[in-house]
Amino acid sequence: MNDLAISQYTLNDIEEGLKVSFKVSVTESMVNDFAKITGDYAPMHMDEVHANKTEFKHRICHGMLVGSFFSRLVGMHLPGEHGLLLSYTSKHLSPCYLNQDVVVDGVITGKSESTRIITIKATVRDVLGKLLVDGLLKVLVLK
């Protein structure tokens, strides 16, 4: 699927176990733009000299930037056009570094016909499989 293609799953199309994955290259430009949008210019994200003195030894991405890929998961992939993110929980377990590729996975773990709400187990991992962000999403399926 290209970056602009939007899935069109309806509630009838969605079953437990349905899974989607996509890869994202987290760039310095993304981190800079995220800082501008949020106003979070913490030096561990923005200043390599400062970051070198931390336990991470390099600049790390904002955790919320990495977690924000769950929005792309819902709005573009699962369910896509007919999805509205209602709530989420996330645990940030490991840092994501600038210019790192990550894989976002989502799998349907629950579906309520009466409320039209699906539950998605969502994760962000590095390309070696290390878990960076672990999440649980509640999504209203509009169609």
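Read on for an overview of the structure. Model, not experiment: these values are computed from the prediction.

1. Examining the pairing of strand β3 (residues 100-112)
Side-chain positions along a regular strand alternate between the two faces of the sheet. Pairing geometry for strand β1 (residues 19-26) and β3, over eight bridges, is antiparallel. Within β3, the position partnered with Ser25 by the bridge is Asp101. Sheet topology places β3 next to strand β4 (residues 117-126); 10 bridges connect them, and they run antiparallel. Note on β4: the bridge partner recorded for Val103 is Arg125.

2. Re the pattern of salt bridges
Scanning the entire structure with this criterion turns up five salt bridges. For Lys111, the salt bridge is made with Glu15, and the minimal N-O distance between the two is 3.8 Å. On the criterion of sequence distance, the pair formed by Lys111 in strand β3 and Glu15 in the segment before β1 is long-range, its members being 96 residues apart. A relative accessible area of 23% places Lys111 in the partly exposed class. Taking the shortest distance from any N to any O, the salt bridge between Lys23 and Asp101 comes out at 3.7 Å. Pair noted here: Lys23 is in strand β1 and Asp101 is in strand β3, with a separation of 78 residues, a long-range link. Residue classification places Asp101 among the partly exposed positions, given a relative accessible area of 27%. Among the charged side chains, a network of salt bridges with common partners joins Glu15, Lys111 and Glu113.

Reading guide: rules and limits
- Residues numbered from 1 in each chain as written.
- Predicted model: local features only at pLDDT ≥ 70, side-chain atom pairs only at ≥ 80, totals over all residues.
- Heavy atoms only, no water.
- Pairing = 2+ DSSP bridges.
- Helix = DSSP H or I, 4+ residues; strand = E, 2+ residues; numbered from the N terminus.
- Salt bridge = Lys/Arg side-chain N within 4 Å of Asp/Glu carboxyl O.
- Buried < 20%, exposed > 50% of the residue type's maximum accessible area, 1.4 Å probe, protein only.

So yeah, pure geometry; function would need other evidence.
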